[in-house]
Amino acid sequence: MVQRLRVRYAKRGRLRFTSHRDISRAVERAVRRADVPVAFSAGFSPHPRISYVGAAAPTGVASEAEYLEIGVTRQCDPERLRAALDTSLPPGLDVLAVVEASTGNLADQLECSVWELRLPRADPALAATAVERFNAAERVEVERLTKKGLRRFDAREAVLNLEVIEGTETTAGQASSQPCVILRMVVRHATPAVRPDDVLTGLRLAGFAPPVPPEVTRLAQGPLDVGTGEPADPFGLDRDVTRGGGAEPASEHVGGDL
């Protein structure tokens, strides 16, 4: 392995229902189709050096900020590799940015996430009251069934910001007149991990019960910017300005070899 490349990709549309295992298989196939000179581990059962960074968005949850690293056996241009991978993946798995790794552990940069929950037909007034109560509480104890059994933990401490936004429903990209509550939250990555559904459980305890399951999207994740209270770009230190490190839209491709 002579180079490590860090990849940001999105999971959109129907692909949000794809399991992490299926996504990893799709990525390995795309690496082969794109003729990426991926490095392999040593030993009796070599595996491609593709590692997924951070906690993956759960099945059924869309994301604009999932991360992985690829080790390659020769130097590759990050933008050409981004375009080749994006072309080789199915629509809905979109490669947004690729940079050469020049800093330490990327996982250490993923300190918090921004989540958006769309709740069609929910009552905005009840949502606002429940969010106010949640934010004012010192602790919000919730329970979740884990592999080790039922676990009880505080869902409040990890939530850095929680706000409610009124919107309208969208179906097949078309807006309607039906109300839609949008919850936006910034959640610090902690142990145990506090997920959006844990926060929603806390809001139910405060009197807000959405009539339908939420549409959840991870909008961003990265190091916490104490000035803004939002995650910063985890690729910020890796970007090579002289090579145009900013990502092009996922639908734009460039030709040529890697």
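On a predicted model such as this, the values are computed, not experimentally measured, just so you know. (Residues numbered from 1 in each chain as written. Predicted model: local features only at pLDDT ≥ 70, side-chain atom pairs only at ≥ 80, totals over all residues. Heavy atoms only, no water.)

1. A look at the pattern of salt bridges
Part 1 of the argument: For the coordinates displayed, the defined rule picks out 15 salt bridges.
Part 2 of the argument: Among the ionic pairs, Glu64 bridges to Arg12, the shortest N-O distance being 2.7 Å. Residue Glu64 is found in strand S3 (residues 62–72), and its partner Arg12 is found in the loop between strand S1 (3–11) and helix H1 (20–33); the two are separated by 52 residues along the sequence.
Part 3 of the argument: You can call Glu64 partly exposed: its relative accessible area is 21%.
Part 4 of the argument: Residues participating in the shared-partner salt-bridge network are Arg139, Glu141, Glu143, Arg152 and Asp154. (Salt bridge = Lys/Arg side-chain N within 4 Å of Asp/Glu carboxyl O. Helix = DSSP H or I, 4+ residues; strand = E, 2+ residues; numbered from the N terminus. Buried < 20%, exposed > 50% of the residue type's maximum accessible area, 1.4 Å probe, protein only.)

2. Considerations on the environment of His20
Part 1 of the argument: Residue position: His20 is located in helix H1.
Part 2 of the argument: Classification of His20 by relative accessible area gives partly exposed; the value is 33%.
Part 3 of the argument: The spacing of His20 and Pro58 is 38 residues in sequence and 7.9 Å in space, taken between C-alpha atoms.
Part 4 of the argument: Once residues lying within four places of it in the same chain are set aside, the contact partners of His20 are Tyr52 and Ala56. (Contact = heavy atoms within 4.5 Å.)

3. Observations regarding unusual backbone geometry
Part 1 of the argument: Cis peptide bonds are those with omega within 30 degrees of zero, and the linkage from Thr191 to Pro192 qualifies with -5°.
Part 2 of the argument: For Asp35, which is not glycine, the phi dihedral falls at a positive 60°.
Part 3 of the argument: Mapped onto the elements, Asp35 comes out in the loop between H1 and strand S2 (50–53).
Part 4 of the argument: Residue classification places Asp35 among the exposed residues on the basis of a relative accessible area of 58%.

4. Description of the confidence of the model for the chain
Part 1 of the argument: The predicted model of the chain averages 88 in pLDDT, with 89% of residues at 70 or higher.
Part 2 of the argument: Segment residues 241–256 is flagged for pLDDT under 50; beyond a separation of four residues in sequence, or across chains, it makes 30 contacts in the model. (pLDDT = per-residue confidence, 0-100.)

5. Observations regarding the environment of Arg74
Part 1 of the argument: Looking at the element boundaries, Arg74 is found in the loop between S3 and helix H2 (78–88).
Part 2 of the argument: By relative accessible area, which is 41% here, Arg74 ends up partly exposed.
Part 3 of the argument: Separated by 71 residues in the primary sequence, Arg74 and Gln3 place their C-alpha atoms 6.8 Å from one another.
Part 4 of the argument: For Arg74, the residues in contact, after removing those within four places along its chain, are Val2, Gln3, Asp35, Pro37 and Leu258.

6. Comments concerning helix H4 (residues 196–205)
One full turn of an α-helix is made of 3.6 residues, so residues set three or four places apart face in the same direction.
Part 1 of the argument: Burial in H4 covers these residues: Pro196, Asp198, Val199, Leu200, Gly202 and Leu203.
Part 2 of the argument: Of the residues one or two after H4, Gly207 is the one with positive phi, at around 100°.

7. Focus: the pairing of strand S4 (residues 93–100)
Part 1 of the argument: Within S4, seven of the eight residues are buried, leaving the element largely enclosed by the surrounding structure.
Part 2 of the argument: Strand direction decides the pairing type here: S1 and S4, joined by seven bridges, are antiparallel. Note on S4: the bridge partner recorded for Leu5 is Glu100. (Pairing = 2+ DSSP bridges.)

8. Here we look at the pairing of S1
Part 1 of the argument: Of all nine residues that make up S1, seven are buried, and the element is covered over most of its length.
Part 2 of the argument: Sheet topology note: the S1/S3 ladder contains eight bridges and is antiparallel. The residue bridging Leu5 from the neighbouring strand is Ile70, located in S3.

9. A few points about the nonpolar core
Part 1 of the argument: Counting 28 residues, the largest nonpolar core has Leu162, Leu183 and Leu203 as the members making the most contacts within it.
Part 2 of the argument: Looking at this core, the elements that each hand over two or more residues are strand S5 (112–120), helix H3 (124–136), strand S8 (159–171), strand S9 (174–188) and H4.
Part 3 of the argument: For Leu183, the residues in contact, after removing those within four places along its chain, are Trp115, Glu116, Leu117, Leu119, Val131, Glu163, Val164, Leu200 and Leu203.
Part 4 of the argument: If you look at the next biggest cluster of nonpolar residues, it comprises 24 residues, including Val38, Val72, Leu81 and Leu89. (Core = buried A, V, L, I, M, F, W, Y, C linked by side-chain atoms within 4.5 Å.)

10. Quick look at the side chain of Asp86
Part 1 of the argument: Looking at the element boundaries, Asp86 is found in helix H2.
Part 2 of the argument: Despite its burial, Asp86 pairs with no opposite charge; the closest candidate is Arg82, at 4.2 Å N-O.
Part 3 of the argument: Among the polar contacts made by the side chain of Asp86, one reaches the main-chain amide nitrogen of Val95 at a distance of 3.1 Å. (Lys, Arg positive; Asp, Glu negative; His and termini not counted. Polar contact = N/O pair within 3.5 Å; in protein donor to acceptor, adjacent residues only side chain to side chain.)

11. Thoughts on the packing of aromatic side chains
Part 1 of the argument: Throughout the structure, instances matching the rule amount to one aromatic pair.
Part 2 of the argument: When the centroid spacing of 5.4 Å and the interplanar angle of 80° are considered together, the rings of Tyr67 and Phe235 count as edge-to-face. One end of the pair, Tyr67, is in strand S3; the other, Phe235, is in the segment after strand S12 (230–231), and 168 residues separate them in sequence. Residues Tyr67 and Phe235 agree in their burial class; the two are buried. (Phe/Tyr/Trp six-rings, centres within 6.5 Å; stacked < 30°, edge-to-face > 60°.)

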